[in-house]
Number of protein chains: 2
Amino acid sequence: MERREFMKTAAVAGVGAAAATASTLATPAIAQGVMEWRMVTAWPKGLPGVYSSAERVAKRIEDASGGRLKIKVFGAGEIVPGLQVFDAVSNGTAELGHDTPYYHTSKSKATAFFTTVPFGMTQVEHNAWINMAGGQALWEELYAPFNLQPFMCGNTGVQMGGWFRKEIQAPEDFKGLKFRMPGMGAEVLKKLGANVVLLPGGEVFAALQSGAIDGTEWTGPYNDLSMGFYKVAPNYYWPGIHEPSAAMQLIINKEKFAALPKDLQAIIAAAAGEENMMGGSEFFERSGTALETLVRDHGVKLRQFPRSVLVALGNAAGEVLQETLDNGDAITKKVATHFLKTRTNLIRWTRIADQGFANARQLEFKYPTGE
Amino acid sequence: MERREFMKTAAVAGVGAAAATASTLATPAIAQGVMEWRMVTAWPKGLPGVYSSAERVAKRIEDASGGRLKIKVFGAGEIVPGLQVFDAVSNGTAELGHDTPYYHTSKSKATAFFTTVPFGMTQVEHNAWINMAGGQALWEELYAPFNLQPFMCGNTGVQMGGWFRKEIQAPEDFKGLKFRMPGMGAEVLKKLGANVVLLPGGEVFAALQSGAIDGTEWTGPYNDLSMGFYKVAPNYYWPGIHEPSAAMQLIINKEKFAALPKDLQAIIAAAAGEENMMGGSEFFERSGTALETLVRDHGVKLRQFPRSVLVALGNAAGEVLQETLDNGDAITKKVATHFLKTRTNLIRWTRIADQGFANARQLEFKYPTGE
């Protein structure tokens, strides 16, 4: 019975979903007490930190609904390719998706702000913007024409500056550098004269090894460890300024979400909120350990970008953001302006709170380490 | 069927519970398929950031349970005084409580680590410890003898160093200073020679005004604004090192929690997790705005503790932590060691991630502000 209902849902969803369809579908399933929904993701099955997040939130929704809403999670390519999650949920091929907003800048440049922008916000600042400063309402406005209901659902935290074959000592060292970097970060590096390329993950190592590229951005120690880049590009630079956090999203087909009973809507929102914290914690905790492994066991050279490089990157990022403000469509201008105003306000607090404290903690004094 | 099962479970939960009062109250409501639980809090009714958190999580649980679990929130003193939340939930006078662990160091010194300790962890580090490094299991071990199930549920973030009538220019300025400060922070200041006093919130302003005290710690701009301390002690110091985050807790009577159907258990866990992020966002977002108001409209002098003071505070905090390790009971030693080891690991990542990024962002470059 369950299975038959599910097949019917899947079949109709495949045809491509309107409001009437969604509510018609929902009704019989609810009457029998069980719905089966599909979550497509942008992640290779099992990828730590992101696929794990998708699985955790799916399980929480299932448990909290007492099994009334079962969710099957799919890796990239199982139903649709990883970059088509947005479209698949929008048109009802799947009810839910897990990926990150800035994969979809081709729909609107404004999506970038809901993941991260160069020199933008940290994770706690981004959460504060979305949860308490009006970010969520703007996000829903942006996604409404795409028939999507978004929630934050995980965060990589600050990403690393990337892997470089040679040291970076001045802004000029980016001139002609062949570097893999996606998104707005790529635009920033181009302003410094870098020759930016985009390569799928599976081709990056070989390109580094052959010298086809001089370096690559990836994520952070937790994901980077398994990629093996340290074998051919041992200079690992911090701080990453191109993605000072990266929010993952849970997206739900808006018509189907609206047709759910209120308690299931509340369960999905709560589970996504919980997972936003959990996913953030997973990346954060594993990164410390992975970084130690990289440095201690694999001879990685952890290097800080020189001040002159950071200032040059900052000015380049400022230009990229200004161009986005100047040339963006109406919704992009609206989102960018709101994001930048909120950022200005939040930085004021970060400076004396998290940043002020962390800098004080780094002074020299005697404090037990637990060893 | 579901409903009958639920009623049976709920009835058993009523019988199993310690407090005759609570179960007697709950029983008639349960007979109609609805449970009514009571949440006692340590907060004056309506206190921004904390009472608001308690209300938000209660509403989320009620909504996500489809109204099966209704929760009435009580302010401090309405059922029990604010500092008796722990006991009231432990003995079943109330089913739920919202306060913060370190209010209960008289039960065990180890509770402090689940709120915050001087020079300890930031909010994201604390979340990473609890969620992903084993902190939650230790917390449950600590609370099991008290018949309590804990969840993180809100965070004030980094607190301010406090309000001072006079400037602090050297560690010696703490000698003989009459200062209001609770918890381990008080022990730290005592090591610098301060004359530390504890006063209830309602008496602090008068004590400052009369000169009975020279300064006071409170929370951060969001809560401090309404207290008016700036009128008599205009020097507002950062960074606060005594409480580099402060986790709020949702505690549930463990027997009653265990007797709940699994879906309601999952709903409570998810709602608490979501609220941990939400409460953190509320404090974070409001702090930036409140700080601006304090400085712009009330002439507050925002001052940074000098380096020599921070180092002295660091060494004093190190001594306090070492004494806790040396003299604590078994569970305190276990928790403190685990906390300190995890802290050492996480700081390694914070330094090059959130802290490294925030410091780079503060360099001079041109970036749009949204104005």
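Use the structure listed above.
Reference entry: report on the structure contained in this document. (Residues numbered from 1 in each chain as written. Chains lettered and ligands numbered in written order. Predicted model: local features only at pLDDT ≥ 70, side-chain atom pairs only at ≥ 80, totals over all residues. Heavy atoms only, no water.)

### Focus: the overall build of chain A
What chain A contains, in helices and strands, is 15 helices and eleven strands. For 371 residues, the compact-globule formula gives about 21 Å, and the C-alpha radius of gyration of chain A, at 22 Å, lands near that figure. The C-alpha extent of chain A, read off along each of the three principal axes, is 65 × 45 × 45 Å. Looking at the 371 residues of chain A, the share that counts as buried comes to 62%. Restricting the contact set of chain A to residue pairs at least 6 apart, pairs at least 24 apart contribute 76%. Per element, the accessible surface of chain A, about 13,200 Å² overall, is 53% carbon and sulfur. (Helix = DSSP H or I, 4+ residues; strand = E, 2+ residues; numbered from the N terminus. Rg over C-alpha atoms; globule rule 2.2 N^0.38 Å. Buried < 20%, exposed > 50% of the residue type's maximum accessible area, 1.4 Å probe, protein only. Contact = heavy atoms within 4.5 Å. Areas by Shrake-Rupley, 256 points an atom, 1.4 Å probe, with all protein chains shown as cover.)

### Some remarks on the interface of chain B and chain A
Across the boundary between the two partners, chain B contributes 94 residues, which contact 94 residues of chain A. Carbon and sulfur atoms supply 67% of the area buried between chain B and chain A, which totals about 8,200 Å² over both sides. When the buried area of chain B at its contact with chain A is split by residue, Phe284(B), Trp349(B) and Tyr367(B) rank highest and sum to 11% of it. The tally of links between chain B and chain A comes to four salt bridges. Arg361(B) serves as the salt-bridge partner of Glu125(A), at 2.7 Å between the closest nitrogen and oxygen. (Buried area = accessible area lost by both parts, 1.4 Å probe. Salt bridge = Lys/Arg side-chain N within 4 Å of Asp/Glu carboxyl O.)

### Remarks on the packing of helix H14 (residues 330–352) of chain A against helix H15 (residues 354–361) of chain A
Residue and element names in this part refer to chain A. Remark: H14 packs on H15, axes separated minimally by 3 Å, with the N-to-C direction vectors making an angle of 25°. Relative to H15, the element H14 is oriented roughly parallel. Mapping the contact onto sequence places Thr350, Arg351 and Ile352 in H14 and Asp354, Gln355, Gly356 and Phe357 in H15. In terms of residue class, the contact of H14 with H15 is built from two nonpolar, three polar and two charged. (Axes fitted to C-alpha atoms, helices over the stretch in contact; angles between N-to-C directions. Parallel < 35°, antiparallel > 145°, perpendicular 65-115°, else oblique. Nonpolar A, V, L, I, M, F, W, Y, C, P; charged D, E, K, R; others polar.)

### Quick look at H15(A)
The element H15(A) is largely enclosed, with a buried count of seven among its eight residues. Regarding H15(A), the residues found buried are Asp354(A), Gln355(A), Gly356(A), Phe357(A), Ala358(A), Ala360(A) and Arg361(A).

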